[in-house]
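Listed below are the residues making up each chain.
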Amino acid sequence: MTDAAERRERLKGVYEEARACTRCRLAGTRTQVVFGAGNANAELMFVGEAPGANEDRLGLPFVGQAGKLLEKLLGEIGSERGAVWICNVLKCRPPGNRDPHPDEIEACQDYLHHQVELIEPTLICTLGNFATKLLRGDPMGISRLHGHDEVRVIGRRAVRLYPLYHPAAALYTPATLEMLRADFQRIPELLAMGPPPQPVSTPDPGIELDLVPEPEPEPLLAEPAADLQLGLF
Ligand code: URA
């Protein structure tokens, strides 16, 4: 199996786990889990807030008006949905589109970390406050941070993080749309910088260690991945 195919299979395994998830109350109200969609080998990943009514119905992220705007902005930089990975902080719809609760974000964050570790994006665009605060681990808001890239370690992976306004916030506010569009224009340049240096995982040779062989990582797949409509390309 190629690396790319293996990555995709492992991602499907995480999806299988997620779609049976009962870690928080949203399991009781969702129609289905909205895991994420796009290219499992994407260099560019977008993380929004949570599925809305359309996403909950179709099982795919950003399929409503905000998604259409996201696609338009991607087109303006010569990209498209199928070239990137799109997902959310929460994989299930909060009823009535209310804000995610802190315990729901905490319960769900492993899935996002697995996605980052498996897809290994170079650049993650956080869309709006919830994704930005979660992935930066800091309460600073999007109006101060949008358009400023920085390197952050997420899970075990160093990525360039690039906070952007949420497309839904830009739908009816032309000034926000202009800022979002201008920030989007820098994405190709940020991608061209390549991946940031990764955290060193090998021990410092100067330190004496009890060298015990590393245990094999636990397989993510509990059972063979079923054929599924994940929206993977
Ligand atoms: N808004 C989000 O944050 N995510 C979606 O999937 C759709 C709208």
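Residues numbered from 1 in each chain as written. Predicted model: local features only at pLDDT ≥ 70, side-chain atom pairs only at ≥ 80, totals over all residues. Heavy atoms only, no water.

Enquirer: Would you take a moment to explain the pairing of strand S2 (residues 44–48) for this structure?
Expert: The side chains of a regular strand alternate between the sheet's two faces. Counted residue by residue, S2 has five buried out of five residues, so it is predominantly covered. Covered by surrounding structure in S2 are Leu-44, Phe-46 and Gly-48 together with Met-45 and Val-47, the residues of both alternating faces. Relative to strand S4 (residues 123–127), S2 runs parallel, the two being bridged by four bridges. Residue Met-45 lies in a different strand from S4, and its bridge partner there is Ile-124. Alignment of S2 against strand S3 (residues 85–88), held across four bridges, turns out to be parallel. Paired with Phe-46 across the bridge in S3 is Ile-86. (Buried < 20%, exposed > 50% of the residue type's maximum accessible area, 1.4 Å probe, protein only. Helix = DSSP H or I, 4+ residues; strand = E, 2+ residues; numbered from the N terminus. Pairing = 2+ DSSP bridges.)

Enquirer: I would appreciate a short explanation of the nonpolar core in the present structure.
Expert: General note: in soluble globular proteins, nonpolar side chains tend to be found buried as a group. The biggest cluster of nonpolar side chains holds 30 residues, and the ones touching the most others in it are Met-45, Val-47, Trp-85 and Ile-124. Counting residues per element, the ones that place at least two in this core are helix H1 (3–19), S2, S3, helix H4 (102–119), helix H5 (129–136) and strand S6 (157–164). Take this core: its biggest share by element is seven residues, from H4. Look past the residues within four positions of Ile-124 in its chain and what remains in contact with it is Met-45, Val-47, Val-116, Leu-135, Ile-154, Val-159, Arg-160, Leu-161 and Tyr-162. With 24 residues, the next largest nonpolar core counts Leu-74, Ile-77, Cys-125 and Leu-164 among its residues. (Core = buried A, V, L, I, M, F, W, Y, C linked by side-chain atoms within 4.5 Å. Contact = heavy atoms within 4.5 Å.)

Enquirer: Explain the site of the ligand here, please?
Expert: All residues in the neighbourhood of the ligand are listed as Gly-48, Glu-49, Ala-50, Glu-55, Pro-61, Phe-62, Asn-88 and His-166. A distance of 3.1 Å separates a nitrogen atom of the ligand from a polar atom in the backbone of Ala-50. Between the ligand and Phe-62, the relevant distance is 2.9 Å, taken from an oxygen atom to a main-chain nitrogen or oxygen of the residue. Protein contact buries 90% of the 240 Å² of open area that the ligand shows by itself. Taken together, the residues of the shell around the ligand sort by class into three nonpolar, three polar and two charged. (Near = heavy atom within 4 Å. Polar contact = N/O pair within 3.5 Å; in protein donor to acceptor, adjacent residues only side chain to side chain. Areas by Shrake-Rupley, 256 points an atom, 1.4 Å probe, with all protein chains shown as cover. Nonpolar A, V, L, I, M, F, W, Y, C, P; charged D, E, K, R; others polar.)

Enquirer: Would you explain the packing of helix H3 (residues 65–76) against helix H8 (residues 174–184) in this entry?
Expert: When two helices pack together, their arrangement is given by the angle between their axes and by how far apart the axes lie. Where H3 meets H8, the closest approach of the two axes is 10 Å, and the angle between their N-to-C directions is 40 degrees. Taken together, H3 and H8 sit at an angle that is classed as oblique. Crossing geometry of H3 relative to H8 is assigned as right-handed. Contact residues: H3 offers Leu-69, Leu-70, Lys-72, Leu-73, Leu-74 and Glu-76, while H8 offers Leu-177, Leu-180, Arg-181 and Phe-184. (Axes fitted to C-alpha atoms, helices over the stretch in contact; angles between N-to-C directions. Parallel < 35°, antiparallel > 145°, perpendicular 65-115°, else oblique. Left-handed = near helix turned anticlockwise from the far one by under 90°.)

Enquirer: Mind showing me how you'd approach the pattern of salt bridges here?
Expert: Side chains that differ in sign of charge can pair as their charged atoms come close. Within the structure shown, the criterion is met by 19 salt bridges. Between Asp-138 and Arg-136 there is a salt bridge whose closest N-O contact spans 3.6 Å. Among the ionic contacts, a cluster of salt bridges with common partners joins Arg-25, Arg-98, Asp-103 and Glu-104. (Salt bridge = Lys/Arg side-chain N within 4 Å of Asp/Glu carboxyl O.)

Enquirer: Before we go on, may I ask you to explain H8 in this structure?
Expert: Side chains three or four residues apart in an α-helix point the same way, a direct result of the helix having 3.6 residues per turn. All buried positions along H8 are accounted for by Thr-176, Leu-177, Leu-180, Arg-181, Asp-183 and Phe-184. The buried residues of H8 occupy an angular sector of 165 degrees when the element is viewed end-on, so they sit on one face. Residues of H8 that are buried in the fold lie against S2, H3, S6, helix H7 (167–170) and helix H9 (187–192). (Arc of directions from axis to C-beta.)

Enquirer: What should I look at first to understand the side chain of Thr-176 in this one?
Expert: Tracing the chain through its elements places Thr-176 in helix H8. Look at Thr-176 and you get buried, because its relative accessible area is 11%.

Enquirer: Which parts of the structure should I look at to understand the packing of aromatic side chains?
Expert: The description of two aromatic rings rests on the distance between their centres and on the angle between their planes. Here the structure, examined in full by the defined rule, presents three aromatic pairs. When the ring of Phe-35 is compared with that of Trp-85, the centres are 6.3 Å apart and the planes differ by 75 degrees; the resulting orientation is edge-to-face. Within this pair, whereas Phe-35 is found in the loop between H1 and strand S1 (37–38), its partner Trp-85 is found in strand S3, the two being separated by 50 residues in sequence. Accessibility assignment for this pair places Phe-35 and Trp-85 in one class, buried. Summarising the aromatic geometry, the rings of Phe-46 and Phe-184 are spaced 5.8 Å apart at their centres and angled 10 degrees between planes, so their arrangement reads as stacked. With Phe-46 in strand S2 and Phe-184 in helix H8, this pair connects stretches of sequence that are 138 residues apart. The class for Phe-46 is buried, based on a relative accessible area of 0%. Among the aromatic side chains, those forming a connected cluster through ring pairs are Tyr-15, Phe-35 and Trp-85. (Phe/Tyr/Trp six-rings, centres within 6.5 Å; stacked < 30°, edge-to-face > 60°.)

None of this, on its own, says anything about what the molecule does.
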